[in-house]
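What follows is the residue order along each chain.
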Amino acid sequence: MTASPDYDLLVIGGGPGGYACAIRAAQLGLKTACVEERPTLGGTCLNVGCIPSKTLLHATHLLETARDGHMAGFGIDTGPVSIDLVKLMARKDATVASLTKGIDFLFRKNGVTRLAGRARLAGPGRVEIDGKTVGTKSIVIATGSQPATLAGVTVDNAAGIVVDSTGALSLFRVPERLVVIGGGVIGLELGSVWRRLGAKVTVVEYAERILPGMDEDIRTTMTKLLTGQGMSILASTAVTGVETRSGGATLALRAADGGTSEVVADVVLLATGRKPNAGDLGLETVGITPDDGGFVPVDHRGWTGVEGIHAIGDVTRGPMLAHRAEDEGIAVAERLAGRPGTVNHAIIPAVVYTDPEVAAVGRTEQALKAEGIAYRASTFPMLANSRAKANGDTEGFVKLLAEEKTGILLGAHLIGAMAGTMIAQVAQAMEFGATAEDIAYTCHAHPTHSEAIKEAALAFTGAAIHI
């Protein structure tokens, strides 16, 4: 007689996708366990990613607001402004600890069994955890990702000279010169943190502009804004070598025209993206082969093609975003419990938490042109938004893209102080197949930043009021 499996569902990985999947499955009556090798739950996002970086971004934004005269413009005398790096890092760590403990509480509340250790598939319906094998009806692989490497560049976070995104969250001093390799989201966010703290920041980007993949108007405008803030950006430039020494490093650069140069740094941040954590998972024991990029292949439902095995989040192809993983985890849990469980992968917002923020959802204008889709574009400047004017944060714009004949929204691209919050309105509108007219004639509270979205929608028919 075959023994009953220990669990209905075993989730490998306790990050945003994994813990959300486990909690939802338990809520729906499945006997669920989640394996995590870190001492704390939350994965990269909570421990060394989204949450600690946003804590530092917020704190340094407050610092710069007080220091650059912005507050003085409102009649607030801040006096001498300084930063206590030790206290700042302690605040960051306390925030992380609080949230990771919160997930432990949610596991207990919902009846999720937490298993500690390194998990590895050991055949159909079996998972080995530090030498002990457990049985399960279903498995969800949610092992996330890790910082990508660059040939010839060795990261040593402990030494604090060449660091990755994890090391850049815990530098023990403010470097005089920080060179960031990579002008994507991670590089710009962490570069912004240390620039505000006093570092001279140089960003080296291989592509022709920062923020590869985003709408061209976003990329061009953010280059101007960040350069204006004092960040040096070397685009169309490759790093051909990094020579470290006591107290710093020298980077060899090659421009697109073949010219070579060097730049000296006290700290180098390697921010060239992330790669999936699909190694040493025992995938071969169940007949799963990672693709050329190292990702676990899945269909739109997260199914690997092997009975009972799903994969979600960064370990699969798609935007490496915590909210994508979370939605996929919930959807898989619901499907395993007999419910529909859906994720619209065409509508996943992305946010860059610089100052101002960048937010986008749907297609870019360049993608629409490449696909031959007839569209209309409309832009409204934050300078004409009354709330932005009152707050003194008028940089940026709202850009909406709509299908030419129907007016159905196809994409949105925002720069502004509240862009990361504002994008949710457009994402929800797109989810319901809304047109620009639907947004234009929805009453928006005044005065709010979100009125800029309404005005951009009105502008499609020449009806914008404040421009």
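Thresholds, definitions, all that
- Residues numbered from 1 in each chain as written.
- Predicted model: local features only at pLDDT ≥ 70, side-chain atom pairs only at ≥ 80, totals over all residues.
- Heavy atoms only, no water.
- Pairing = 2+ DSSP bridges.
- Helix = DSSP H or I, 4+ residues; strand = E, 2+ residues; numbered from the N terminus.
- Salt bridge = Lys/Arg side-chain N within 4 Å of Asp/Glu carboxyl O.
- Buried < 20%, exposed > 50% of the residue type's maximum accessible area, 1.4 Å probe, protein only.
- Axes fitted to C-alpha atoms, helices over the stretch in contact; angles between N-to-C directions.
- Parallel < 35°, antiparallel > 145°, perpendicular 65-115°, else oblique.
- Left-handed = near helix turned anticlockwise from the far one by under 90°.
- Contact = heavy atoms within 4.5 Å.
- Core = buried A, V, L, I, M, F, W, Y, C linked by side-chain atoms within 4.5 Å.
- Polar contact = N/O pair within 3.5 Å; in protein donor to acceptor, adjacent residues only side chain to side chain.
- Phe/Tyr/Trp six-rings, centres within 6.5 Å; stacked < 30°, edge-to-face > 60°.
- Lys NZ or Arg CZ within 6 Å of the ring centre and 35° of its normal.

Q: For this particular structure, what's the right way to read the sheet that holds strand E9 (residues 177-181)?
A: Taking strand neighbours across the sheet as the criterion, the 5 strands line up as E8-E15-E9-E10-E11 in an open arrangement whose pairing is parallel. Every interior strand has two partners, whereas the edge strands, strand E8 (162-163) and strand E11 (232-234), have only one.

Q: What exactly am I supposed to notice about the pattern of salt bridges here?
A: Where charged atoms from two side chains of opposite charge come close, those side chains can pair. Scanning all chains against the criterion turns up 20 salt bridges. With its nearest N and O atoms 2.8 Å apart, the salt bridge here joins Asp104 to Arg114. Of this pair, Asp104 sits in helix H4 (residues 85-110) while Arg114 is found in strand E3 (residues 113-116), placing the two residues 10 residues apart along the sequence. Taking the relative accessible area as the measure of exposure, Arg114 reaches 29% and is therefore partly exposed.

Q: Sorry if this is basic, but what is going on with the packing of helix H1 (residues 16-27) against helix H8 (residues 322-336) here?
A: One way to put it is that H1 packs onto H8 with a least axis distance of 7 Å and a crossing angle of 25 degrees. In this view, H1 runs roughly parallel relative to H8, as classed from their interaxial angle. In this structure, H1 crosses over H8, and the sense of that crossing is right-handed. Note on element contacts: H8 touches H1 through Ala322, Ala325, Glu326, Gly329, Ile330, Ala333 and Glu334, opposite Pro16, Gly17, Ala20, Cys21, Arg24 and Ala25.

Q: How should I be thinking about the nonpolar core in this particular structure?
A: The tendency in soluble globular proteins is for nonpolar side chains to be buried as a group. Among the nonpolar cores identified, the biggest contains 37 residues, and Leu178, Trp194, Leu211, Ile218, Met222 and Leu269 are the most heavily contacted of them. Secondary-structure elements contributing two or more residues to this core are helix H3 (50-67), H4, E9, helix H6 (185-196), strand E10 (200-204), helix H7 (216-228) and strand E15 (267-270). Here Met222 is in contact with Ile210, Leu211, Thr354, Pro356, Val358 and Ile415, once residues within four sequence places are set aside. The next biggest cluster of nonpolar side chains, apart from the first, holds 30 residues, and it includes Val361, Leu400, Leu409 and Val426.

Q: Honestly, the side chain of Asn110 in this entry has me stumped. Any pointers?
A: Counting through the fold element by element, Asn110 comes out in helix H4. Engagement of the side chain of Asn110 in a polar contact is seen with the backbone oxygen of Leu106, the distance being 2.8 Å. In this structure, Asn110 is in contact with Ile23, Ala26 and Gln27, ignoring residues within four places of it in sequence.

Q: When you look at the packing of H3 against H4 in this model, what are you seeing that I'm missing?
A: Between two packed helices, what matters for the description is the angle formed by their axes and the separation of those axes. At a minimum axis distance of 9 Å, the contact between H3 and H4 shows a crossing angle of 140 degrees. The orientation of H3 relative to H4 falls into the category oblique. For the crossing formed where H3 meets H4, the hand is right-handed. Contacts between H3 and H4 involve Ile51, Pro52, Thr55, Leu56 and Ala59 from the first element and Leu88, Met89, Arg91, Lys92, Thr95, Val96 and Leu99 from the second.

Q: How should the packing of aromatic side chains be read in this particular structure?
A: Two numbers describe a pair of aromatic rings. These are the distance of the centres and the angle of the planes. Applying the stated criterion across every chain yields a total of 0 aromatic pairs. Lying across the ring of Tyr7, Lys31 places its NZ or CZ 5.6 Å from the centre.

Q: I tried to follow the sheet that holds strand E14 (residues 260-265) on my own but got confused; where do I start?
A: Two orientations exist for strands paired in a sheet by backbone hydrogen bonds: parallel and antiparallel. Pairing in this open sheet of 3 strands is antiparallel, and the strands run E12-E13-E14 from one edge to the other. Two strands bound the open sheet, and with one partner strand each, they are strand E12 (237-245) and E14. Across this sheet, the average inter-strand angle for adjacent strands is 25 degrees, counted without regard to direction. Sheet topology places E12 next to strand E13 (residues 248-255); 8 bridges connect them, and they run antiparallel. Directly across from Gly241, in E13, lies its bridge partner Ala252.

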